[in-house]
Structures are given as C-alpha cells and as structure tokens.
Amino acid sequence: PNPNQIYGVLIMGLSTFSVELTDWPGGGQVGIHGTNDPKTIGTDVSHGCVRLNNADILELSNDVHLGTPVFVQE
C-alpha cells in the first residue's frame, strides 16, 4: 500500500468489464481503488474504475472480501 500512488492504498479488481472502455491493458476491467488525488473522485477521469478516498477504500475492504458480490450503480 502506498497512498502516494495513483491507485492509493488499495485497489479491488472486480470481475466485470466495461463494454465501452476496451483500450485498457487486459480489456476494460472495472475496479474500486483509492487515489492520491482526491479532487478526481466523482469525475470522469478513469477507465471505468470507482475512486474513493484512501480511508474509505480501507474501510470498505473490511467488509468486501474476495467473492463478495459488488453492484455499482450510477
């Protein structure tokens, strides 16, 4: 974990892929991650990922374990 990297302290790769964003390495895999740039949260700057404050992704990781169903809604 490195809070100074683009993915913040943690990234959770989800099993879903974006049908619109396919130019990412490995396809358009969707993830949830922290960020070293909190002003980007809620903006259209990622390739399908959901960005959270580092503290929030760490809290979420306490409840969302491998295999947990995750639903992302707009």
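Calculation rules
- Residue positions are counted from 1 within each chain, in the order its sequence is given.
- In keeping with the predicted nature of the model, local features appear solely for residues at pLDDT of at least 70, side-chain atom pairs appear and are counted solely at 80 or more, and the whole-chain, interface and lining totals rest on all residues.
- Excluding hydrogens and water, the side-chain values take into account all heavy atoms of the structure.
- Only when DSSP finds a minimum of two bridges between them are two strands counted as paired.
- Secondary structure is summarised from DSSP: a helix means a run of H or I of at least four residues, a strand means a run of E of at least two, and numbering begins at the N terminus for each.
- On a range of 0 to 100, pLDDT expresses the predictor's confidence in each residue.
- Grouping buried Ala, Val, Leu, Ile, Met, Phe, Trp, Tyr and Cys residues that are joined through side-chain atoms within 4.5 Å yields what is termed a nonpolar core.
- Burial classes: relative accessible area under 20% of the type maximum marks a residue as buried, over 50% as exposed, and values in between as partly exposed (1.4 Å probe, protein chains only).
- Every residue pair with non-hydrogen atoms within 4.5 Å of one another is taken to be in contact.

So, about the sheet that holds strand 2 (residues 29-33). Two modes of strand pairing occur in sheets, parallel and antiparallel, and in both the strands are linked by backbone hydrogen bonds. The sheet built from three strands is open, its strands ordered 1-2-3 with mixed pairing. Either end of the sheet is taken by a strand with one partner, and the two such strands are strand 1 (11-17) and strand 3 (50-51). Taken together, the two bridges between strand 2 and strand 3 define a ladder with parallel strand orientation. If you follow Ile-32 over to strand 3, its bridge partner there is Val-50.

Moving on, we get to the confidence of the model for the protein. Scored by pLDDT, the protein comes out at a mean of 84, with 97% of its residues at no less than 70. Ranking the elements of the protein by mean pLDDT puts strand 1 last, at 87, and helix 1 (residues 54-61) first, at 94.

Glancing now at the nonpolar core. Val-9, Met-12, Leu-14, Val-30, Ile-32, Ile-57 and Val-64 form the largest nonpolar core, which has seven residues in total. Elements represented by at least two residues in this core include exactly strand 1 and strand 2. If sequence neighbours within four positions are ignored, Val-30 has contacts with Met-12, Gly-13, Leu-14, Thr-16, Phe-17, Ser-18 and Gly-48.

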